[in-house]
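Now for the letters of each chain:
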Amino acid sequence: MTSHSTAHYLLEALCETGVEFLFCNLGTDHVPIIEELAAWKRRGRRPPEVILCPHETVAVHMAGGYAMATGRGQAVLAHVDVGTANAAMGLHNFFRSRVPLLLLAGKAPFTSRGELPGSRDTLVNFVQEPFDLASLVRPYVTWNYDLPSGTIVKEVLRRAHTVMHSDPKGPVFLTVAREVLAQGVDDHAVRSYPADAYGPVAVGGADDDAIGRIATRLLAARDPILITQYAGRNPAAPAAIERLGRLAGMRVYEANPTHLNISRTAPCFAGFLYGAGCPDADFGLLVDVDVPWIPLAGTERPGTFWAQIDVDPLKRDLPTWPFPSHLRVQADSASTLTRLADILETRAGEDWRSAARRRLEALARREAPPPAAPGRSGALSAGFVCDELAKCVDDDTIIVNEAITNVLAVLTRVPRTRPGTFLSNGGGGLGFAGGVALGVKLAHPGRLVVAVTGDASFGFSAPEAVLAVAARQRLPFLTVVLDNRGWAAVKRATLAVYPDGAAATEEMFCAALDGPRWDVVTAAAGAHGERVSDPEALPAALTRCLAAVRAGQAAVLVAEIEAVSGPPEIGREPAFPDREVLVPP
C-alpha cells in the first residue's frame, strides 16, 4: 500500500484547485513542504510555482495583485504566528477589497520528545505557539480552519478555495502543524473534490420584479445619479454602466474607486464623489460601493429614492452603515444593469428619451482640466508629475494607485478608459502598491505597470523586498513616489478637527519625515533609481526610468512635491473631474 505525507497531498490539492503560485516566506514549520517540493522536482512533477518573498506584506499583496488582475485567488505560505501577524495588514486590504486569497500558515509542533515526526527541536518551536493563532486575522477572513489530519487535506483545500471564490469573495485562512504536515497517509484514504461538484457560488442577476421597480423610479426621475466603487472588478461592468448612463442621461460618479468602473472619457462620467454631492438628485443608484459619500459633508436630498445593487448590500462586516437604501438588491451588477437598460429601452417614451438626451448633452459640455502648474524646485506639483506621467503611458498601461492625499491628481490627470487598467486599495493598510504591482506584472508580463504612491506608503511596502522579488522574478515595473516628506494625511486630519488648535499654531503634526533617500535604497536593491526636484528635469527622468523598465529592470522615480498646507475642504462637491473634490486622508 502506497502512502505519502500530508505535505504531498497538500501540494496535490493546490494543483487540483487551480492554484498556480505559492508566495512564500518560509520557516521551520514548513520543512515537510520543502521536502515534498524537492521530491516532486526529483520525480519531474510540477507543483505550484514557488515565489520567495522576503517579507509577508509583499507575499500577500503580490498574491492579491495577481488575483485582482485575473480573478484567480492564489496561496500565501506564512511562518506560524509571526508571519501571520506580518500578513494581517494585507489581509485587511483584500478583505475590504473582496479579493480571493488563501493564507496558509504552519503551526509550531505540539510534541516535545519525538513522539511524532516533526516534533519540536528548537527554541522557537516553543515560543511561537499562541493560544489562538487565527485570532490574528479572524476579522479579515471569510473562513478559517485548522487541519487536524492529512486524510481530509483535499476536502479542506477545496472548501477553502470554494469559500474564497464565492460572492462576496475574500481571504481565507488555514493552519496546519508540522507533525500533521509530516504525517504519512495511505493513498486510498485521500480522495479528490472536483470543482464541478464542490465549486464556488456566484450571485446572479436580479429578478425582473426588482429591476422593474428600479426602472419605474428611474423613468420618473428628473436628475438621476449612479455611484460606484468596485463594480469594475468584473470587466463587463464598465460597459454596462456606461450604456445605462448614456441611455438615462445619468451622472455616473466613482467614489474611492478600487477599479476602473467606467471610461473616464464617457460623456456621462461626472467625476469622483466624496461629499454629499447629490443634493439635487431625485433618484440615486448605488452600485457596488462601500462609502458613496462622506455624511459629514452634508445631507442627501430628503425625498430622493435610493436603490442599491451590490454583491454585498448589507455590509455585514461594517458595524454601522449610515446610507439610505429603499431597495436593496444582492446581485451581479453587470448583468443586472444590462437587464435594467433593456427594460428601459422597452418602456421609455419619447419624452423621457428627449430629457435624457438633454441631460447627457449638458454633461458632455465640459473641458479637460488645464495643465497643472509645474511648481518650483523642491516642490513640484503632484498634478504636474501626473501630467507628465500621462504622456508616457498608453491605454493598456495598468496604474496601481496608492497616492493617498494626492489621489485626485492620479484620478483626473492619468486618463484611464479600459477595464482593468486602474487598481486601488479598498482597505486602509499602507504598503499596498508595491506587492500588488508585482502581482499584476506577473499576470500581465507584456504590459507596462506603474505604481503611484506616497513616500510614507512606499516605506510601508517593504520596498527592498519588493525590488528583490522584481529582480529575481524578472518583473520590471515603474514606481513613482510622490514625496512630500511626511504623513500629509495626519496633518490634514489634525487641521480638519482642530483648525485653530495648538498643533496648527505650533506647526506640530507629528507627521514630518526626513526619510531615507529612496532612490539610493532603490539602487542598492538592484533597481534603477532617480530623484527629481526640478520640474524641468522630470520628463527626461521619466524617459530614463521607462527605458530601464523596458530593458528588464525595475525603476523608482522619487519626485519631491509640495507639502499639504491645510485641511481638506469638506463639502466642496465635484461636478466633473476638472473641478476640485474632497479627497479623504
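Let me begin by describing the structure that accompanies this report. (Residues numbered from 1 in each chain as written. Predicted model: local features only at pLDDT ≥ 70, side-chain atom pairs only at ≥ 80, totals over all residues. Heavy atoms only, no water.)

1. Let's talk about the nonpolar core
- Counting residues in hydrophobic clusters, the biggest one holds 74 residues, and the most contacted among them are Ile-214, Leu-285, Leu-337, Leu-340, Leu-389 and Leu-478.
- Examining the composition of this core, we find that 7 residues originate from one element, helix α21 (residues 538–550), more than from any other.
- Apart from residues no more than four positions distant in its own chain, Leu-340 is found in contact with Ile-211, Ile-214, Ala-215, Leu-244 and Leu-285.
- Leu-91, Ala-105, Ala-443 and Ala-470 belong to the second largest nonpolar core, which has 55 residues in total. (Core = buried A, V, L, I, M, F, W, Y, C linked by side-chain atoms within 4.5 Å. Buried < 20%, exposed > 50% of the residue type's maximum accessible area, 1.4 Å probe, protein only. Helix = DSSP H or I, 4+ residues; strand = E, 2+ residues; numbered from the N terminus. Contact = heavy atoms within 4.5 Å.)

2. What about the packing of aromatic side chains?
- With the rule as written, the count across this model stands at 12 aromatic pairs.
- Look at Phe-269 and Phe-272: their rings are 5.3 Å apart centre to centre, the planes differ by 75°, and that puts the pair in the edge-to-face class. As far as the burial class goes, Phe-269 and Phe-272 line up, both buried.
- Ring geometry for Trp-293 against Phe-323: centres 5.4 Å apart, planes inclined by 85°, an arrangement best described as edge-to-face. Taken together, the positions of Trp-293 in the loop between β12 (283–287) and β13 (305–310) and Phe-323 in the loop between β13 and β14 (327–330) put the pair 30 residues apart, joining distant regions of the chain. (Phe/Tyr/Trp six-rings, centres within 6.5 Å; stacked < 30°, edge-to-face > 60°.)

3. Comments concerning the sheet that holds strand β11 (residues 269–272)
- Here 6 strands make up an open sheet; going across it, the order is β11-β10-β9-β12-β13-β14 and the pairing parallel. Pairing within the sheet leaves two strands with one partner each, and these edge strands are β11 and β14. Strand-to-strand twist in this sheet, taken as the mean axis angle between neighbours without regard to direction, amounts to 20°.
- As defined by bridge partners, strand β9 (residues 224–228) adjoins strand β10 (residues 251–254) across 4 bridges and the pair is classed as parallel. Directly across from Leu-226, in β10, lies its bridge partner Val-252.
- Of the strands in this sheet, β9, β10 and β12 are in contact with helix α10 (residues 237–248), which crosses β9 at around 165°.
- Here helix α11 (residues 333–347) sits on the sheet in contact with β12 and β13, set at roughly 150° to β12. (Pairing = 2+ DSSP bridges. Axes fitted to C-alpha atoms, helices over the stretch in contact; angles between N-to-C directions.)

4. Observations regarding unusual backbone geometry
- The linkage connecting Asp-167 with the following residue, Pro-168, adopts the cis geometry, with an omega of -10°.
- With respect to the secondary-structure elements, Pro-168 resides in the loop between α6 (153–164) and β7 (171–177).
- A positive phi angle is found at Asp-288, which is not glycine, with a value near 45°.
- Position of Asp-288 relative to the elements: it lies in the loop between β12 and β13.
- Judged by its relative accessible area of 0%, Asp-288 is buried.
- Look at Arg-474: it is not a glycine, yet its phi comes out positive at around 55°.
- Take Arg-474: it is sitting in the loop between α17 (463–473) and β20 (478–483).
- Residue class for Arg-474 comes out exposed when judged on its relative accessible area of 68%.

5. Observations concerning the environment of Glu-464
- Along the polypeptide, Glu-464 turns up in helix α17.
- C-alpha separation for the pair Glu-464 and Cys-15, spaced 449 residues apart in sequence, amounts to 31 Å.

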